[in-house]
Amino acid sequence: MSETIEQDLSVETEYVGKLYARLDELRAEKVEQLGRTRAQGAVGSFQNMSERDSFATLYEDRIAQLDAVQDRLVFGRLDMAAANGSNGDPQAEENRIRYIGRIGLSDEDLNRLMIDWRAAEAAPFYQATALNPRGVRRRRHLMLSGRTVAGIEDDVLDETWLDEGHTHHGEGALMAALREKRTGRMGDIVGTIQAEQDAIIRAPLPGAVVVQGGPGTGKTAVALHRAAFLLYEYRERLKNTGVLIVGPSNSFMRYIERVLPSLGETGVVMSSVGELYHGVQAVPETNRTVARLKGRPSMARVISAAVRNRQRVLPEDRTVVVEGTRLTLTRKMVLNARERARHTHKPYNQARETFVKVLVGDLAEQLRRKLEESAGQSSTTDRSYLPQEVRESWDVRVALNLCWMPMTPQKLVRELFANPHLLAAAAPKLSEADRDALYRRVDAPFTEADVPLLDEAAELLGEFEDPHAASNQAQYDRDVENAQAALVNMHTMLENAGIDGVVTAEQVAGVNQETAARQTAAERAVADRTWAYGHIVVDEAQELSPMQWRLLLRRCPIKSFTIVGDIAQTSAASGATSWAQALSPFFGERFTLEELTVNYRTPAQIADAAVRVAQAAGLNITTPRAVREGDWPPLLTKTTGAQLDDTLRAALAEELEYSAGGLQAVIVPQDQLAHTRDVISAAYGDRVGEGSGGLSQDIVVISARESKGLEFDSVIILEPEQLVAEVDGGVGDLYVAMTRTTQRLRVVYTGELPEGMEA
């Protein structure tokens, strides 16, 4: 008897209910274990309490994972051919059906219920084709609404399947997914990964993999799913080092932030390029000349020279007073101390300790001789206190700081660009015009172009000596002393309270320091500039400057990278014109270039127009094949400057009606952002989102730069020629803006259109 769609839906809904019931059981189990663990309270030995906290963290992480995978828990099923020699074995028959989902699930008897999509047994779900079915007779996509199976899409790979009475349902899960409305948050593609994408996702961990792909090819989705796969496949190797994901902007990071949790991974570090230096929230660099200058590899030498120039020599001998005695700090003494400090080859702040120690010793010896001469005492008199008196002298401290001031990266970089004489000394090969361009006020905010310079400075300066460290240590010593006194009389009370074993004074005094030890690898990595990650994923990598690449290579010395981008979309002043140009200085030839060839996002008519614009500007780009023709070519609306606002409002009203609840973007030149938001907000109020923080609204007014990596149901581009002009005549940003839409593109302009935009 042939199957019917109703029967299939009933069967699949019953099994999906079984999977969700098991998910609920596991969550309830972990919640109960967490509650029981927390209820233990602060009892037992310090080791027991530490173990309790570790278990609590483990349960919390597992609960977070189970919560994150609830939506579309299962999305696929494989019907496999019978294995040779199975001879009706029930277990072998059961293994012929494999359900594929976000995580692996087994019942209490360890019978497999669902396979994690990253497992080797799930690979045929993505890789099987009619020519190479890999043992798959039928691949089924399950479309869930809540916990109910709302639809089924089948790919029959064995031609005898239908001959045996089975039916075929649906027209394809991929096309159904592409027709869905955009939400302002990137969704995962775990249920619709295509074969060329899967091959990249499952590539081995070592080395650098470059994923080149035009707009809409799923580069970002591939990168995120690859991160999830690597954390699954190489968990033991990566659990203590972690994975860093770097994107072009804060809006982009918010757009993708839910993808990895939905794939069962919650411990990945995610950062925009402006947040790669801990503690600094850098703003975009709007001056392209400055961005280009600060992105040059030669800036590493400028920072190095700036650090070295802070190791100064007195212009002349200097008199200092120590406890009423006048001493002479000579240039020769400073030169000798500086050379001895430099010969330690330690970072600046650590080498300063040697510099200070040498000069304090020289001045203490000078003080000893003067005291003995004035008192007529023998050199055998104990003078061991003299170095401390010299070190505490105000005159000496001032003189030492004039020669070698303790320095933070922020202070060094701020002062370098705020003081023309410092920059001239550190960068004598820069032209006066370039140095003038780099000048800024000392209180100006750090920009994204400053971040690698701060990191370079931190590498050369080393840790800044905390002036409160000595007092902190003294306080800790006092705490230990007080704890020792208290514990003499407290052991009986502690035993009565259930704290077993011997509690030391150091454990009591250091109990607050346990928090850092309980942090996850991701939490520790965020706060530690020197953290070495096991793998780094870089999206929109074509935009990175050489100095930004230096920073990232410092974060992953083993050079294990997934590098994602499209050379044709380069718009940054220091961006790449080829992958070889961008990567060869850092990777040599040791990177593999993979290419995605299918455009899943942009309708063919719009994609073709974007390609014409890029090619007319001389860009040598790949032309991914669009899977959809689309209903509309780009809609071009010319108006006048006086009527621009009215024309924009009318166009927006039409697009909102067309998209019917979809996500609408208005992409405008940077200098028109504020005015355009005001115009649209006056008509649509709270429906209008502003740039990086507005993706939760259904109308987003955004710059071309901020739109990079995002997608919308409909897009209006305002004044395309100005988008080109604001990036020095490059069409990268315009190319990006044209390819953000999944349905329709409208262009509103007052002047001329860039070459190639009209068919």
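Going by the annotation in an unreviewed UniProt entry, the name recorded for the chain is AAA family ATPase, with Glutamicibacter soli given as the source organism.

1. Section: the packing of aromatic side chains
Per the counting criterion, the structure on display carries ten aromatic pairs. The interplanar angle of 35° and the centroid separation of 5.0 Å between the aromatic rings of F355 and W404 together place this pair among those described as tilted. With F355 in helix 15 (residues 348-375) and W404 in the loop between helix 17 (394-403) and helix 18 (409-418), this pair connects stretches of sequence that are 49 residues apart. Ring-pair connections join several aromatic residues into one group, and the members of that group are F75, W117, F125 and Y126. One residue, K294, lies across the ring of F417, its end atom 4.4 Å from the ring centre.

2. With respect to the pairing of strand 11 (residues 325-329)
Of the two faces of strand 11, the one lined by T325, L327 and L329 is fully buried and the one lined by R326 and T328 carries no buried residue. Relative to strand 11, strand 10 (residues 318-322) runs antiparallel, the two sharing five bridges. Looking at strand 11, one finds that V321 is bridged to R326. In this structure, the hairpin formed by strand 10 and strand 11 is closed by a connection of two residues, where E323 is found at a positive phi of approximately 50°.

3. Let's talk about the UniProt feature "binding site: ATP" (unreviewed entry) in the chain
Residues annotated by UniProt as "binding site: ATP" (unreviewed entry) correspond here to G213, G214, P215, G216, T217, G218, K219 and T220. We classify G213 as buried; its relative accessible area is 0%. Every residue in contact with G213, bar those within four places of it in the chain, is listed here: K219, G565, D566, Q569 and L596. On the basis of relative accessible area, G216 is assigned to the buried category, the value being 6%. Setting aside residues no more than four positions away along its own chain, G216 makes contact with V598, N599, Y600 and R601.

4. Notes on helix 18
Within helix 18, seven of the ten residues are buried, leaving the element largely enclosed by the surrounding structure. Summarising the contacts, the buried residues of helix 18 are in contact with helix 12 (288-295), helix 13 (299-309), helix 19 (420-426), helix 20 (432-438) and helix 21 (451-461).

5. With respect to the sheet that holds strand 12 (residues 535-538)
Judged by pairing direction, the sheet is parallel, and its six strands sit side by side in the order 9-8-12-13-7-14 without closing on themselves. Edge positions in the sheet fall to strand 9 (269-272) and strand 14 (591-596), since each of these pairs with one other strand and no more. Within the sheet, the average angular offset between the axes of one strand and its neighbour, ignoring direction, is 15°. As paired strands, strand 8 (residues 243-247) and strand 12 are joined by four bridges and run parallel to one another. Counted as the bridge partner of I245 is V537 from strand 12.

6. Looking at the sheet that holds strand 4 (residues 112-116)
Pairing between the strands of a sheet comes from backbone hydrogen bonds, and it takes one of two forms, parallel or antiparallel. Spatially, six strands are ordered 3-4-2-1-5-6 in an open sheet, and the strand pairing comes out mixed. Looking at the sheet topology across the chains shown, the edges are occupied by strand 3 (105-106) and strand 6 (148-156). Looking at chain direction, strand 2 (residues 97-101) and strand 4 are connected through two bridges and run parallel. Considered in strand 4, the bridge of G101 is made with D116. Taken strand by strand, helix 1 (residues 5-39) contacts strand 1 (74-80), strand 2, strand 3, strand 4, strand 5 (136-145) and strand 6, and its axis lies near 115° from that of strand 6.

7. Points about the pattern of salt bridges
Under the defined criterion, the tally for this structure stands at 48 salt bridges. The partner of R77 in a salt bridge is E12, with the nearest N and O atoms 2.9 Å apart. Here E12 lies in helix 1 and R77 lies in strand 1, a separation of 65 residues in the sequence. The closest approach of N and O atoms between E265 and R118, which form a salt bridge, is 2.6 Å. Taken together, the positions of E265 in the loop between helix 11 (259-262) and strand 9 and R118 in the loop between strand 4 and helix 4 (123-127) put the pair 147 residues apart, joining distant regions of the chain. Like E265, the residue R118 is buried in the burial classification. Connected via shared salt-bridge partners are D8, E12, R77, D79, R138, R140 and D154.

8. Let's talk about the nonpolar core
Core analysis: the largest hydrophobic core is formed by 86 residues, its most contacted members being F355, W549, F561, I563 and F587. Split by domain, this core shows at least three residues from each of two domains, domain 2 (208-277 + 529-599) and domain 3 (288-461). Residues W117, F229, L238 and I717 belong to the second largest nonpolar core, which totals 72 residues.

9. What about the pairing of strand 18 (residues 664-668)?
The buried fraction of strand 18 amounts to five of the five residues, a majority that puts the element mostly inside the structure. Residues of strand 18 alternate between two faces, with Q664, V666 and V668 on one and A665 and I667 on the opposite face, all of them buried. Across four bridges, the pairing between strand 18 and strand 21 (residues 712-718) is parallel. Paired with I667 across the two strands is I717, which belongs to strand 21.

Analysis parameters
- Residues numbered from 1 in each chain as written.
- Predicted model: local features only at pLDDT ≥ 70, side-chain atom pairs only at ≥ 80, totals over all residues.
- Heavy atoms only, no water.
- Phe/Tyr/Trp six-rings, centres within 6.5 Å; stacked < 30°, edge-to-face > 60°.
- Helix = DSSP H or I, 4+ residues; strand = E, 2+ residues; numbered from the N terminus.
- Lys NZ or Arg CZ within 6 Å of the ring centre and 35° of its normal.
- Buried < 20%, exposed > 50% of the residue type's maximum accessible area, 1.4 Å probe, protein only.
- Pairing = 2+ DSSP bridges.
- UniProt positions renumbered as here; feature names shortened; annotations may be inferred.
- Contact = heavy atoms within 4.5 Å.
- Axes fitted to C-alpha atoms, helices over the stretch in contact; angles between N-to-C directions.
- Salt bridge = Lys/Arg side-chain N within 4 Å of Asp/Glu carboxyl O.
- Core = buried A, V, L, I, M, F, W, Y, C linked by side-chain atoms within 4.5 Å.
- Domains from an automatic or database assignment.

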